[in-house]
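As a plain string of letters, each chain reads:
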Amino acid sequence: MTDPVRVFLQVPQDVAPSVRAGTPAKIDVREYPGRAFEGTLARASFALDSQTRTMTTEVRVPNPKGELLVGMYTEVALSLPV
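Each chain has its residues counted from 1, following the order in which its sequence is written. Local features in this predicted model are restricted to residues whose pLDDT is 70 or higher, and side-chain atom pairs enter the listing and the counts only when it is 80 or higher, whereas totals over whole chains, interfaces and linings include all residues. Derived side-chain values reflect all non-hydrogen atoms in the structure, with water molecules and hydrogen atoms excluded from consideration.

Now for the nonpolar core. Remark: nonpolar core denotes a set of buried residues (Ala, Val, Leu, Ile, Met, Phe, Trp, Tyr, Cys) joined through side-chain atoms within 4.5 Å. Think of it in three bands: residues with accessible area under 20% of the maximum for their type are buried, residues over 50% are exposed, and the middle band is partly exposed, with areas taken using a 1.4 Å probe on protein chains only. Counting 16 residues, the largest nonpolar core has Val19, Ile27, Phe37, Val59, Val61 and Leu68 as its most contacted members. Those elements giving two or more residues to this core turn out to be β1 (5–12), β2 (24–29), β3 (36–48) and β4 (54–61). Strands here are runs of E lasting at least two residues and helices are runs of H or I lasting at least four, both read from the DSSP assignment and numbered beginning at the N terminus. Sort the elements by how many residues they give to this core and β1 lands first, with four residues. Those residues in contact with Val19, other than ones at most four positions away along the chain, are Val11, Leu41, Ala44, Phe46, Met55, Thr57 and Leu80. Contacts are residue-level and defined by heavy atoms, with any inter-residue pair within 4.5 Å sufficient.

Following this line, the structure appears as structure tokens:
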């Protein structure tokens, strides 16, 4: 079992400067409709990919019951300041 699960996402250039460790994140997984998993932004690369203009970030999500599996597709919402 993986606890916590590490979720990697690509943040677009226009919001990348607002990314900070500790930012709350909401993770939705198709296999659990209507349920959101809460996580926290753990770290960011602070470098943009030159082709996609996105920054790799890592969100850590508690997974004590092992419900989230490595390799699942998710949707992630970050609570970033405007």
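From this point, the narrative continues.
Below, the discussion takes up unusual backbone geometry. The amide bond that connects Asp3 to the next residue, Pro4, takes the cis arrangement and shows omega of 5°. One can find Pro4 in the segment before β1. Of note, Phe46 is a non-glycine position whose phi angle comes to about 55°, a positive value. Mapped onto the elements, Phe46 comes out in strand β3. For Phe46, a relative accessible area of 57% translates into the label exposed. Positive phi is not limited to glycine here, since Arg53 has a value of about 55°.

Between 30 and 60 degrees the pair is tilted, below 30 it is stacked and above 60 it is edge-to-face, where a pair is any two Phe, Tyr or Trp rings, Trp via its six-membered ring, whose centres lie within 6.5 Å. Scanning the entire structure with this criterion turns up one aromatic pair. With 5.6 Å between their ring centres and 75° between their planes, Tyr32 and Phe37 make a pair best called edge-to-face. Tyr32 sits in the partly exposed class, given a relative accessible area of 25%. On the basis of relative accessibility, which here comes to 7%, the residue Phe37 falls in the buried class. Geometrically, a charge over a ring is one whose NZ (Lys) or CZ (Arg) sits within 6 Å of the ring centre while staying within 35 degrees of the ring normal. Directly above the ring of Tyr32 sits Arg35, whose terminal nitrogen or CZ lies 5.7 Å from the centroid.

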